[in-house]
Amino acid sequence: MRVLVVEDERKTASFIRKALQEEGFAVDVCRTGDDALIAPAATPYDVVVLDIMLPGRDGLSVLRQWRKQGDTTPVLLLSARGEVSERVEGLDAGADDYLPKPFALVELAARVRALTRRGSETKTPVLKLADLSLDTVTHRAQRGGTTIELTAREYRLLEFLMRSAGRLCGRMMIVEKVWDYDFDPGTNLVDVYIKRLREKIDAKFEQKLLHTVRGSGYVLKEES
Ligand code: CA
């Protein structure tokens, strides 16, 4: 489960990130409305925590734009003022929930969990590519009717690759999205995990799905 947190105040953003990571969420942070606007196009999110007060484009404007583009990701709005009019405006703009500041982190985490449940009911929980499928609820992978056992990290790697199917995933991007590191660990971590994953999802099958793009990274796709 991946959460996007849009908040310009560094301290608040960092508290929220930590609290959600402790709950097992992968967390990305955006600091401006303009960055937030394009973020879901690059990475699909299960929930967005969106502050209204942002420099430049505000949270409500971002939310309206997403909804206009057909993005239905559940959004929890944060606001410095708990005014009824603002709450109504937020819900009208397409927010799924609303939390006035200051809030307790446990409450924020509980509301995010609730939204992930709501989101998974509407979104199809099974990702598919050729005869490979990955159930994002049970974390079960199958290929050609055979169940594939994955460790937690392998699951996250495969989920990321499947959600990005057909697109090139660079090593650094994988490190950021699957390990939540924002630095290069300077090891062959990604290659090691790709090798393990390949042994599980590709080795026994004629059609290979996980391809290396030399010098750039990896792509999961059906070869044409
Ligand atoms: Ca703010």
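Predicted, not measured: the structure shown is a model, and the values here were computed from it.

## Focus: the packing of helix H6 (residues 152-163) against helix H8 (residues 189-201)
Interaxial distance between H6 and H8 falls to 10 Å at its minimum, and their mutual angle equals 80°. Classified by the angle between their axes, H6 and H8 sit roughly perpendicular to one another. From H6, Arg 153, Glu 154, Leu 157, Leu 158 and Leu 161 reach across to H8, where they touch Tyr 193, Ile 194, Arg 196, Leu 197, Lys 200 and Ile 201. A breakdown of the residues in the contact of H6 with H8 according to their chemical character gives seven nonpolar, no polar and four charged.

## Concerning the domain arrangement of the chain
When the parts come together, some accessible area is lost, and that loss is often what is quoted as the size of the interface. Assigned domains of the chain: these are domain 1 (2-122) and domain 2 (126-220). For domain 1 and domain 2, the distance between their C-alpha centroids amounts to 28 Å. Taken together, the contact between domain 1 and domain 2 spans eleven residues of the former and seven residues of the latter. Interface of domain 1 and domain 2: buried area, both sides summed, is about 610 Å²; carbon and sulfur atoms make up 36% of it.

## Overview of the side chain of Ser 79
The residue Ser 79 is located in strand E4 (residues 75-79) in this model. At 3.3 Å, the side chain of Ser 79 forms a polar contact with the side chain of Tyr 98. Not counting chain neighbours up to four residues away, the residues in contact with Ser 79 comprise Asp 51, Ile 52, Glu 86, Tyr 98, Leu 99, Pro 100 and Lys 101.

## What about the coordination of the calcium ion?
Only Glu 7 (OE), Asp 8 (OD), Glu 9 (OE), Asp 51 (OD) and Met 53 (O) from the protein coordinate the calcium ion, and they sit 2.1 to 2.8 Å from it. Within one chain, the residues donating to the calcium ion are spaced in sequence as E-D-E-x41-D-x1-M. Here the residue Asp 8 occupies a position in the loop between strand E1 (2-6) and helix H1 (10-22), and Asp 51 occupies one in strand E3 (residues 47-51), the gap between them amounting to 43 residues. For Asp 51, a relative accessible area of 1% puts it in the buried group.

## Here's the deal with the sheet that holds E4
As summarised here, the arrangement of the five strands in space is E2-E1-E3-E4-E5, forming an open sheet in which the pairing is parallel. The strands lining the two open edges of the sheet, one partner per strand, are strand E2 (26-30) and strand E5 (97-100). Mean inter-strand twist for the sheet, computed between neighbouring axes without regard to direction, equals 20°. The pairing of E1 with E3 spans four bridges and is parallel. Residue pairing for E3: Leu 4 is matched across the bridge by Val 48. Along the sheet face, H1 touches E1, E2, E3 and E4 and points at about 165° away from the line of E2.

Basis of the calculations
Residues numbered from 1 in each chain as written. Predicted model: local features only at pLDDT ≥ 70, side-chain atom pairs only at ≥ 80, totals over all residues. Heavy atoms only, no water. Axes fitted to C-alpha atoms, helices over the stretch in contact; angles between N-to-C directions. Helix = DSSP H or I, 4+ residues; strand = E, 2+ residues; numbered from the N terminus. Parallel < 35°, antiparallel > 145°, perpendicular 65-115°, else oblique. Contact = heavy atoms within 4.5 Å. Nonpolar A, V, L, I, M, F, W, Y, C, P; charged D, E, K, R; others polar. Domains from an automatic or database assignment. Buried area = accessible area lost by both parts, 1.4 Å probe. Polar contact = N/O pair within 3.5 Å; in protein donor to acceptor, adjacent residues only side chain to side chain. Donors = N, O, S within 2.8 Å, 3.2 Å for Na, K, Ca; no water. Buried < 20%, exposed > 50% of the residue type's maximum accessible area, 1.4 Å probe, protein only. Pairing = 2+ DSSP bridges.

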